[in-house]
Amino acid sequence: MVLSLNDLIAMLIFPGFFFLILMAFFLEWLDRKVVAKVQDRYGPLMAGPAGILQPIADFIKLLSKEDIVPRGANKVLLTAGPILMVALPLTALLFVPIDGQSAIVDFEGSLIAVLFILILTTQLVLLIGWASANVFAAEGSMRSALQMLSYEIPLALTAICPALMAGSLSLSEIYRAQAELGWPFLAYLPPLGAISFLVFLTCSLAELERVPFDAPEAETEIVAGWMTELTGRRLALVKLGRNLDFLLMASLMASLYLGDPITPSLPLLAPAAFILKTLACAGIMSFARGLVARFRIDQALRLFWTYIIPISVGVLVATKLALLLA
Amino acid sequence: MGLLRWARAVSPWILHFNTGACNACDIEVVAALTPRFDVERFGALKVGSPRHADILVVTGPVTRESEPRLRRLYEQMPEPKLVMAVGTCAISGGVFAGCYNVRGGVINVLGKADMMVPGCPPRPEAILEGLIKLVERLRGIKKR
Ligand code: SF4
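The shown structure was predicted, so the numbers you read here are calculated from the model rather than taken from an experiment.

Caption draft 1: Inspection of helix 6 (residues 124-138) of chain B at higher detail. Residues and elements named next belong to chain B. Across its 15 residues, helix 6 extends 21 Å between first and last C-alpha, which sits within 8% of the 21 Å expected from 1.5 Å per residue. Along helix 6, the positions that sit buried rather than exposed are Pro 124, Ile 127, Leu 128, Gly 130, Leu 131, Leu 134, Val 135 and Leu 138. The arc that holds every buried residue of helix 6, seen down its axis, measures 160°, which confines them to one face. At its buried positions, helix 6 is contacted by helix 1 (2-10), strand 1 (13-18), helix 2 (24-31), strand 3 (55-59), strand 5 (82-86) and strand 7 (115-117).

Caption draft 2: Here's a closer look at the interface of chain B and chain A. Between chain B and chain A, the residue contacts involve 31 residues of the former and 32 residues of the latter. On inspection of chain B and its partner chain A, the count reaches 6 salt bridges. Counting across the interface, chain B meets chain A through 21 residue pairs in polar contact (both at pLDDT 80 or more). Sorting the residues of the side of chain B that touches chain A by element identifies helix 1 and strand 2 (45-46) of chain B as the ones contributing at least two each. A total of 6 residues in the side of chain B that touches chain A trace back to one element, the largest contributor, which is helix 1 of chain B.

Caption draft 3: How the structure looks around the packing of helix 8 (residues 192-207) of chain A against helix 11 (residues 297-325) of chain A. Residues and elements named next belong to chain A. Two numbers describe how helix 8 lies on helix 11: the axes approach to 10 Å, and their chain directions differ by 145°. The handedness of the crossing between helix 8 and helix 11 is left-handed. Across from Leu 192, Ile 195, Ser 196, Val 199, Thr 202, Cys 203 and Ala 206 in helix 8, the residues of helix 11 making contact are Phe 304, Ile 308, Ile 311, Ser 312, Val 315, Ala 318, Thr 319 and Ala 322. For the contact of helix 8 with helix 11, the class distribution of residues is 11 nonpolar, 4 polar and no charged.

Caption draft 4: Examining the side chain of Thr 122 of chain A more closely. Residue and element names in this part refer to chain A. Inspection of the secondary structure puts Thr 122 in helix 5 (residues 110-131). At 3.1 Å, the side chain of Thr 122 and the backbone oxygen of Leu 118 are in polar contact. If sequence neighbours within four positions are ignored, Thr 122 has contacts with Ser 144, Met 148, Tyr 151, Glu 152 and Glu 207.

Caption draft 5: Region of interest: the layout of surface pockets. In this model, the second largest pocket occupies a volume close to 430 Å³. If you go around the second largest pocket, you meet 21 residues; those closest to its centre are Val 223 of chain A together with Gly 48, Pro 50, Leu 73 and Gln 76 of chain B. Of all the secondary structure elements, the ones that give two or more residues to the lining of the second largest pocket are helix 6 (135-166) of chain A together with strand 1 and helix 3 (67-76) of chain B. In terms of residue count, the dominant contributor to the lining of the second largest pocket is helix 3 of chain B (5 residues). A class-by-class count of the residues in the lining of the second largest pocket yields 9 nonpolar, 6 polar and 6 charged.

Caption draft 6: Molecular detail of the site of the ligand. Residues and elements named next belong to chain B. Inspection of the region around the ligand gives Ala 21, Cys 22, Ala 24, Cys 25, Thr 88, Cys 89, Phe 96, Gly 119, Cys 120 and Pro 121 as its neighbouring residues. Those elements that provide at least two residues to the shell around the ligand are helix 2 and helix 4 (88-92). Across the shell around the ligand, the residue classes break down as 8 nonpolar, 2 polar and no charged.

Caption draft 7: Summary view of unusual backbone geometry. Each neighbour pair has its own omega, and for Glu 79 of chain B with Pro 80 of chain B the value is -10°, a cis peptide bond. With respect to the secondary-structure elements, Pro 80 of chain B resides in the loop between helix 3 and strand 5. Note the cis peptide between Cys 120 of chain B and Pro 121 of chain B, where omega equals -10°. Along the chain, Pro 121 of chain B falls in the loop between strand 7 and helix 6. Notably, Asp 40 of chain A is not glycine yet its phi reads approximately 65°, a positive angle. Examined against the element boundaries, Asp 40 of chain A turns out to sit in the loop between helix 2 (17-38) and helix 3 (54-64). Although it is not a glycine, Asn 23 of chain B sits at a positive phi angle of roughly 90°. Along the polypeptide, Asn 23 of chain B turns up in the loop between strand 1 and helix 2.

Caption draft 8: Main features of the pairing of strand 3 of chain B. Residue and element names in this part refer to chain B. Burial of strand 3 is extensive: 5 of the 5 residues sit out of reach of the surface. Of the two faces of strand 3, the one lined by Ile 55, Val 57 and Thr 59 and the one lined by Leu 56 and Val 58 are each fully buried. Pairing of strand 1 with strand 3 involves 5 bridges; the strand directions are parallel. Bridge pairing in strand 3 places Asn 18 opposite Thr 59. Where strand 3 and strand 5 come together, 5 bridges link them in parallel fashion. The residue of strand 5 that forms the bridge with Val 58 is Ala 85.

Caption draft 9: The arrangement of the packing of aromatic side chains in detail. If you walk through the whole model with that rule in mind, you get 8 aromatic pairs over all chains. Considering the side-chain rings of Phe 26 of chain A and Trp 29 of chain A, the 5.5 Å spacing of their centres and the 35° angle between planes classify their relative orientation as tilted. Remark: Trp 29 of chain A and Phe 26 of chain A occur in helix 2; sequence separation between them is 3 residues, near one turn of the helix. Using a relative accessible area of 26% as the deciding quantity, one classes Phe 26 of chain A as partly exposed. Within the aromatic cluster, the residues linked to one another by ring pairs are Phe 197, Phe 200 and Tyr 257 of chain A. The ring of Trp 13 of chain B carries the charged tip of Lys 61 of chain A above its face, separated from the ring centre by 3.8 Å.

Cut-off values and rules
- Residues numbered from 1 in each chain as written.
- Chains lettered and ligands numbered in written order.
- Predicted model: local features only at pLDDT ≥ 70, side-chain atom pairs only at ≥ 80, totals over all residues.
- Heavy atoms only, no water.
- Helix = DSSP H or I, 4+ residues; strand = E, 2+ residues; numbered from the N terminus.
- Expected span 1.5 Å × (residues − 1).
- Buried < 20%, exposed > 50% of the residue type's maximum accessible area, 1.4 Å probe, protein only.
- Arc of directions from axis to C-beta.
- Contact = heavy atoms within 4.5 Å.
- Salt bridge = Lys/Arg side-chain N within 4 Å of Asp/Glu carboxyl O.
- Polar contact = N/O pair within 3.5 Å; in protein donor to acceptor, adjacent residues only side chain to side chain.
- Axes fitted to C-alpha atoms, helices over the stretch in contact; angles between N-to-C directions.
- Left-handed = near helix turned anticlockwise from the far one by under 90°.
- Nonpolar A, V, L, I, M, F, W, Y, C, P; charged D, E, K, R; others polar.
- 1 Å grid on protein atoms, 1.4 Å probe; cavity = no way out; pocket = protein on both sides within 12 Å on 5 of 7 lines; lining within 4 Å.
- Points joined across faces, edges and corners; volume = space filled by probe spheres on them.
- Near = heavy atom within 4 Å.
- Pairing = 2+ DSSP bridges.
- Phe/Tyr/Trp six-rings, centres within 6.5 Å; stacked < 30°, edge-to-face > 60°.
- Lys NZ or Arg CZ within 6 Å of the ring centre and 35° of its normal.

Written out as structure tokens, the structure reads:
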């Protein structure tokens, strides 16, 4: 395969790595601002206009801090983990149609690949927590693994619903199918699309370990969970990786459920519309962080196994039946 | 190193440790995080792990029980790190100075306190001012 200049620009600048990383920083700022507004605060204010450079300042500061590897910790894993933590979501984001038309890497089955990468990210959390040789880190990563056992199933099942509606497993294809259909899948076959969106949203919150499912890093109970022993560069990379994960889940939501018939054919509006949709999804998740309290890990498991998983199975079956009848 | 100094100055992450305070100082430190005073405006985050922190905020007289823990916490923090003593007790032992179980202030134990905020307890505004002055000094710290 020969790479043209256009491919290179797409890969490295827009909608590739440079843009994605900037977006990830922007999402963190947005997250902190939204939560601050919900709590009637200002949020970051001093770094750049309205504090927009805050995540970048945090990143630079962390890069320059002392690098500590505790005695007994596995240095190789602690070094490789954070790097992979950034690399995996970046790879997955290449499969998402960020420019509103087609992903940089587009193939039949990219949805499955993204779901697979999401599982790998959680495995990394387990590895980092275990390699830290710290009780709090081990406890946090165990909780993370437990949580994964519960949300991974409904996440995959509900992500299949839009794929069924579109008749394709490629993310770009699913996004385009909504344009041809004229309806976003959120409003398709009501209320199936909406229910599956809500389940997907809940599972994303659990996947991102965000409030109310942040038991793996609950700072009031287990210091900082699996991140406890990370310092300096490692922490900076892990934080960036988490933000990229956040961007990934928000853009997945936008491409699976929020397609629209007008913008994908217009060259400049398409990326803008897609990014706006992503920001809206991220905004919903940030809003949730300001509004709700944390589930204990057993409560989270019970919630998923008794309610969310049966609902997701039901939605999947109902979607298939409705499509057969239609 | 202007960029680095700027980054450090706008992102002071704090770790709060109570070495035996009567709890009034703690309430004032927590009040500085609340909407009315909102220390996050200056980029400060309250973190749970000493490995993530830049500034150790100590309240209360250092008791014999908490002395080794204070040392451990301080040693666990990555460089560059700063110590802020909040309240008269944390500075000198305050009303508890000379008690059989009190080692004195932070400075008697760690040998340093980069910023002291006096008061019994200090008001949240005073704590904020202390933090801001400390952060201004942070711009000058050289990388080791
Ligand atoms: S300085 Fe005053 S308020 Fe603070 S811990 Fe000591 S006695 Fe309590």
